[in-house]
Amino acid sequence: MAESSSRGDRPESFVDLLREAYLERSSGVIETRLEGAEPLYLRKGEIFVDRDGPLASRVAAVVARAATLPRPAADPQMREAAATLVDQMLQAESTVAARLRSEPPAGIEIVGPIATVCVLLEAVGRVSTEGAMLALLGGAAERYVGRQKTPALEQLPGLEPSMAAVYGQLERPITIAELLRGGGTRLDTLRGLTRLWAVG
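Residues numbered from 1 in each chain as written. Predicted model: local features only at pLDDT ≥ 70, side-chain atom pairs only at ≥ 80, totals over all residues. Heavy atoms only, no water.

Draft legend 1. How the structure looks around the packing of helix 1 (residues 14-23) against helix 5 (residues 116-125). One can describe the packing of helix 1 onto helix 5 by two numbers: an axis separation of 10 Å at closest approach and a directional angle of 150°. Taken together, the axis directions place helix 1 and helix 5 in an arrangement best described as roughly antiparallel. Taken as a pair, helix 1 and helix 5 cross one another with a handedness that is left-handed. Of the residues in helix 5, those touching helix 1 at Val 15, Leu 18, Arg 19 and Tyr 22 are Thr 116, Val 117, Val 119, Leu 120, Ala 123 and Val 124. For the contact of helix 1 with helix 5, the residue count by class is eight nonpolar, one polar and one charged. (Axes fitted to C-alpha atoms, helices over the stretch in contact; angles between N-to-C directions. Helix = DSSP H or I, 4+ residues; strand = E, 2+ residues; numbered from the N terminus. Parallel < 35°, antiparallel > 145°, perpendicular 65-115°, else oblique. Left-handed = near helix turned anticlockwise from the far one by under 90°. Contact = heavy atoms within 4.5 Å. Nonpolar A, V, L, I, M, F, W, Y, C, P; charged D, E, K, R; others polar.)

Listed below in structure tokens is the structure:
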């Protein structure tokens, strides 16, 4: 998976915050500035929702069996649940500011998990322009290198073609600019790298 050597000084966003919490297996509560958006509850990097909130009713089908899924990212209902969460948390914006609190409010009962890897892939999949992807990745001079072990590997059914094509070039540290001079279209290369970055 892709590993940045330096994240730079980009503003923290929902995607950045969730990715960091996922990779560090953090627990806490993620809130955004969007009016009406429910908080997401993290346990060791995986997403849970308020049992009595609207989100829980919208993702009930997958929540009931989420813990038994061996590879959550392969499950269509899990991907639908992830899309539902991203719809709420981003609301057509890819840079929504977010914060992570360490303690949930008293009396909240949570259900899940909704696989964070699915939410991250869904969120970065909505970043469609070269400029936006480069900004998310830290710019063309940012250097990446592949790594064999990440929390996502056991959850993914395999790498998508765009991810696999880029991953094969990450045996040594390489800048995004160098990657873009290689084979494949710029957009496909950036899309693959962005998705690898999202899952660590």
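Let's pick the thread back up.
Draft legend 2. Spatial organisation of the environment of Leu 42. Tracing the sequence through the fold places Leu 42 in strand 3 (residues 40-43). The class of Leu 42 is buried, set by a relative accessible area of 4%. Along the backbone, Leu 42 and Ser 26 are 16 residues apart, and their C-alpha atoms lie at a distance of 6.9 Å. Leaving out residues up to four positions away in the same chain, Leu 42 has contacts with Leu 18, Ala 21, Ser 26, Ser 27, Gly 28, Ile 30, Ile 47 and Leu 100. (Buried < 20%, exposed > 50% of the residue type's maximum accessible area, 1.4 Å probe, protein only.)

Draft legend 3. The arrangement of the nonpolar core in detail. Core analysis: the largest hydrophobic core is formed by 57 residues, its most contacted members being Phe 14, Ile 114 and Val 117. Discounting chain neighbours no more than four positions away, the residues touching Ile 114 are Glu 46, Ile 47, Val 59, Val 62, Val 63, Met 78, Ala 81, Ala 82, Leu 85 and Val 119. (Core = buried A, V, L, I, M, F, W, Y, C linked by side-chain atoms within 4.5 Å.)

Draft legend 4. Quick look at the pattern of salt bridges. For the coordinates displayed, the defined rule picks out 10 salt bridges. Salt-bridge contacts for Glu 122 lead to Arg 126; the nearest nitrogen and oxygen are separated by 2.8 Å. In this structure Arg 126 comes out as partly exposed when scored by relative accessible area, which is 37%. (Salt bridge = Lys/Arg side-chain N within 4 Å of Asp/Glu carboxyl O.)

Draft legend 5. Region of the structure containing helix 5. Within helix 5, eight of the 10 residues are buried, which leaves the element mostly enclosed by the surrounding structure. The set of residues buried in helix 5 consists of Thr 116, Val 117, Cys 118, Val 119, Leu 120, Leu 121, Ala 123 and Val 124.

Draft legend 6. Representation of the sheet that holds strand 5 (residues 98-101). Read from one edge of the open sheet, five strands run 5-2-3-4-6, paired in antiparallel fashion. Pairing within the sheet leaves two strands with one partner each, and these edge strands are strand 5 and strand 6 (110-114). Strand-to-strand twist of the sheet, defined as the mean angle between neighbouring strand axes without regard to direction, takes the value 30°. Two strands pair when backbone bridges link them, and strand 2 (residues 28-32) and strand 5 are joined in this way by four bridges, in the antiparallel orientation. Residue pairing for strand 5: Thr 32 is matched across the bridge by Ala 98. (Pairing = 2+ DSSP bridges.)

Draft legend 7. Up close: the packing of aromatic side chains. Scanning all chains against the criterion turns up zero aromatic pairs. The positively charged end of Arg 43 is found above the aromatic ring belonging to Phe 48, 5.3 Å away from the centroid. (Phe/Tyr/Trp six-rings, centres within 6.5 Å; stacked < 30°, edge-to-face > 60°. Lys NZ or Arg CZ within 6 Å of the ring centre and 35° of its normal.)

Draft legend 8. Representation of the pairing of strand 4 (residues 46-50) within the structure. Counting buried positions over the five residues of strand 4 gives five, a clear majority of the element. Across three bridges, the pairing between strand 3 and strand 4 is antiparallel. Paired with Leu 42 across the strands is Ile 47, a residue of strand 4. Counted along the chain from strand 3 to the antiparallel partner strand 4, the turn is two residues long, and its residue Lys 44 has a positive phi close to 50°. Both strand 4 and strand 6 contribute to a ladder of three bridges, which runs antiparallel.

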